[in-house]
Amino acid sequence: MKLTIEILEKHKACQSGIDWFLACGETEVRKVCLKLLSEGIFRNANWLIARLLKCDDKTRYAIYAASLVLETYEKKYPGDNRPRAAITATKAYLKNKTAKNKEILLEARAAAAADAAAAAYAAAAAADAYADDAADAADAKDVNTKIIKYGLRLLYRGAK
């Protein structure tokens, strides 16, 4: 999949992201994302993947990211089951898009709006939670890498 300035502008990329893209020397999305990862620019890789995924795959991507940091969140906020409920309801809706599952999903999402809204924020929360020492920072980098690689698998699923 080729990335162009037109695609970045269509999705309202920030100017610093466009400038980085012009300087990076890559146009293939997978290579661009992996280069962003290697430079520690997780947020831009996440932003790009989230813009290019189809709707259901964006949801799968958010579920995956939130699931990776759920344990950390629950340790920090014991008793707050809103993110877990939102993940469970979203998975159920993806499997069976009934009106009842949609109602449950919307209720769970409303309850957990800020807590499980997007993969970027979930991953950022994990990075913040881990940022206390070098070993924890390495764990956060690992989480970010897993999220981006999963997003790339979704993006290229079925691509020839």
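Note that the structure is a prediction, hence the values are computed from the model and not measured.

**Things to note about the overall build of the chain**
Scanning the chain from terminus to terminus reveals 9 helices and 0 strands. Counting from the amino terminus, helix and strand elements in the chain follow one another as α-α-α-α-α-α-α-α-α. By sequence separation, contacts in the chain at least 24 residues apart represent 62% of the contacts at least 6 residues apart.

**Quick look at the nonpolar core**
Within the largest apolar cluster, 28 residues are counted, with the highest numbers of intra-cluster contacts made by V32, C33, Y61 and I148. Every element with two or more residues in this core is listed here: α2 (15-24), α3 (29-38), α4 (42-52), α5 (55-76) and α9 (134-156). With 8 residues, α9 is the largest single contributor of residues to this core. Here C33 is in contact with A45, L48, I49, I148 and L152, once residues within four sequence places are set aside. A66, L70, I87 and L94 belong to the second-largest nonpolar core, a separate cluster that totals 5 residues.

**Concerning the side chain of D57**
The topology assignment puts D57 in helix α5. Residue classification places D57 among the buried residues on the basis of a relative accessible area of 9%. Each residue touching D57, except ones within four places of it in the same chain, is listed here: L154 and R157.

**Section: α4**
Every buried residue of α4 is listed here: F42, A45, N46, L48 and I49. The buried residues of α4 occupy one face: seen down the axis, they fall within an arc of 165 degrees.

**Structural notes on the packing of aromatic side chains**
Applying the stated criterion across every chain, the model contains 2 aromatic pairs. Centre to centre, the rings of Y64 and Y150 are 4.1 Å apart; their planes meet at 15 degrees, and the pair counts as stacked. Of this pair, Y64 sits in helix α5 while Y150 is found in helix α9, placing the two residues 86 residues apart along the sequence. Here Y73 and Y77 contribute two aromatic rings whose centre-to-centre distance is 4.8 Å and whose plane-to-plane angle is 40 degrees, an arrangement assigned as tilted. Accessibility expressed as a relative area gives 40% for Y77, which makes it partly exposed.

**A short note on unusual backbone geometry**
For residues besides glycine, phi is generally negative; the peptide bonds are generally trans as well. One non-glycine residue, K12, lies in positive phi territory at about 60 degrees. Take K12: it is sitting in the loop between α1 (5-10) and α2.

Thresholds applied
- Residues numbered from 1 in each chain as written.
- Predicted model: local features only at pLDDT ≥ 70, side-chain atom pairs only at ≥ 80, totals over all residues.
- Heavy atoms only, no water.
- Helix = DSSP H or I, 4+ residues; strand = E, 2+ residues; numbered from the N terminus.
- Contact = heavy atoms within 4.5 Å.
- Core = buried A, V, L, I, M, F, W, Y, C linked by side-chain atoms within 4.5 Å.
- Buried < 20%, exposed > 50% of the residue type's maximum accessible area, 1.4 Å probe, protein only.
- Arc of directions from axis to C-beta.
- Phe/Tyr/Trp six-rings, centres within 6.5 Å; stacked < 30°, edge-to-face > 60°.

Honestly, it's all geometry; don't read function into it.
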